[in-house]
Amino acid sequence: MISNNSTLKSPPVHNFVKITKEIHVTRCFKKPSKEQTKENKVCETRAFRASGSGVLVDLVNGHATVLSAGHVCTSNGTTPVEDKLYKFSWVENLSILTSKNKTFRAHIILAEQATTKSADLCSLIIPEWKPDVVGLKIERKLPKPGEAIYYMGAPLGIYHPPTVLLIKGIYNGKINKYNTSISAPAAPGSSGSAVLSLNNRIYGVVFAVVPSFPTATLMTSYEKTKNFLERTQKTLELFILQRD
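Numbering of residues starts from 1 in every chain and runs along the sequence as written. Per-residue local features are limited, in this predicted model, to residues with pLDDT of at least 70; the limit for side-chain atom pairs, both in listing and counting, is 80 or more; totals at the level of whole chains, interfaces and linings are taken over all residues. The side-chain numbers reported here are obtained from all heavy atoms of the structure, hydrogens and water having been left aside.

A. Representation of the pairing of strand S8 (residues 165-174) within the structure. Strand pairing is assigned whenever DSSP detects at least two bridges linking the two strands. Helix and strand assignments come from DSSP, with helices taken as H or I runs of at least 4 residues and strands as E runs of at least 2, each series counted from the N terminus. In this structure, strand S7 (residues 148-153) lies alongside S8, joined through six bridges in antiparallel fashion. By the bridge assignment for S8, tyrosine 151 is matched with isoleucine 167. Pairing of S8 with strand S9 (residues 179-183), which is carried by four bridges, proceeds in the antiparallel orientation. Among the inter-strand pairings, tyrosine 171 is bridged to a residue of S9, identified as isoleucine 182. Linking S8 back to S9 in an antiparallel pair, the connection comprises four residues.

And the structure:
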């Protein structure tokens, strides 16, 4: 167990990124009136923003790749498509904020949200980012119940580069093959944070918390996270081959 007086050894804070998802939703009347058409009020666009956390990972040399939670990266069609009066369309943009207070556009490599057949994971590529730190790797074996863990995150959007919140906790155990329980304070914005061993290697990704008891936190299972990173690496290598 981590005591309040224990010290983390060289936490890789420069690998942390805050992710911002901006959704521009356009709503148009299906049958606008002549007045609405004349006044150019047929459609209106609104912007919505949400933030989460992520971490730079070491997969393919020369390509900045970030691991996060699936719902941080994409709405997965939760935006309404149409109703009786309106039809909807939307565009999603992703960006990351690095420890050097630099903002870059991000693009999805793979993304899946929590279901009965998948874990809540996402991988991003940031073509313009040339980081001067090495990305993190997956831990060599899964943790044991009672093992100390921690994560770097931006709960409630709190992030002051290069200072990131370091949240200590305990690994509780597996819930099923996709989800794992940890005891660590979390809040909206913590999603996507990589849960790390004291060796600064990845165990999984924070993706949910019990609102009424915010230290009861869920992360993706070690096995599914490891498999997702392997699939991301293969996808990225294939993309590079096709481009070359």
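B. Quick look at the packing of aromatic side chains. The aromatic pairing rule takes the rings of Phe, Tyr and Trp, using the six-membered ring of Trp, and pairs them if the centres are within 6.5 Å, calling planes under 30 degrees apart stacked, those over 60 edge-to-face and the rest tilted. Inspection of every chain in the model, using the stated rule, returns five aromatic pairs. Residues phenylalanine 16 and tyrosine 159 carry aromatic rings whose centres are separated by 4.9 Å and whose planes lie at 75° to one another, so their mutual orientation is edge-to-face. Of the two residues, phenylalanine 16 sits in strand S1 (residues 16-29) while tyrosine 159 sits in the loop between S7 and S8, which places them 143 residues apart along the sequence. Of the two residues, phenylalanine 16 and tyrosine 159, both sit in the buried class. When the centroid spacing of 4.9 Å and the interplanar angle of 45° are considered together, the rings of phenylalanine 29 and tyrosine 86 count as tilted. Placement of the pair is phenylalanine 29 in strand S1 and tyrosine 86 in strand S4 (residues 86-97), with a sequence separation of 57 residues. Here the term buried applies to any residue with accessible area under 20% of the maximum for its type, exposed to any over 50%, and partly exposed to those in between, with areas from a 1.4 Å probe on protein chains only. With relative accessibility at 15%, the residue tyrosine 86 sits in the buried group.

C. Up close: the state of the cysteines. Here, a disulfide means two cysteine sulfur atoms that sit within 2.5 Å of each other. Applying the stated rule across the entire model yields two disulfides. A sulfur-sulfur distance of 2.0 Å marks the disulfide that ties cysteine 28 to cysteine 43. Taking the sign of the S-S torsion, 110° for the link of cysteine 28 and cysteine 43, the bridge is right-handed. Taken together, the residues span a long stretch of sequence, with cysteine 28 in strand S1 and cysteine 43 in strand S2 (residues 43-57) at a distance of 15 residues. Judged by relative accessible area, cysteine 28 falls into the buried class, the value being 13%. Among the residues examined, cysteine 43 registers a relative accessible area of 37% and is labelled partly exposed. Paired by a disulfide, cysteine 73 and cysteine 122 hold their sulfur atoms 2.1 Å apart. In this structure, the disulfide formed by cysteine 73 and cysteine 122 twists by about -105° around the S-S bond and is classed as left-handed. Here the residue cysteine 73 occupies a position in helix H2 (residues 70-73), and cysteine 122 occupies one in strand S6 (residues 121-125), the gap between them amounting to 49 residues. Residue cysteine 73 shares its accessibility class with cysteine 122, and that shared class is buried. Along the protein, the cysteines that take part in disulfide bonds pair up as 1-2, 3-4, counted in sequence order.

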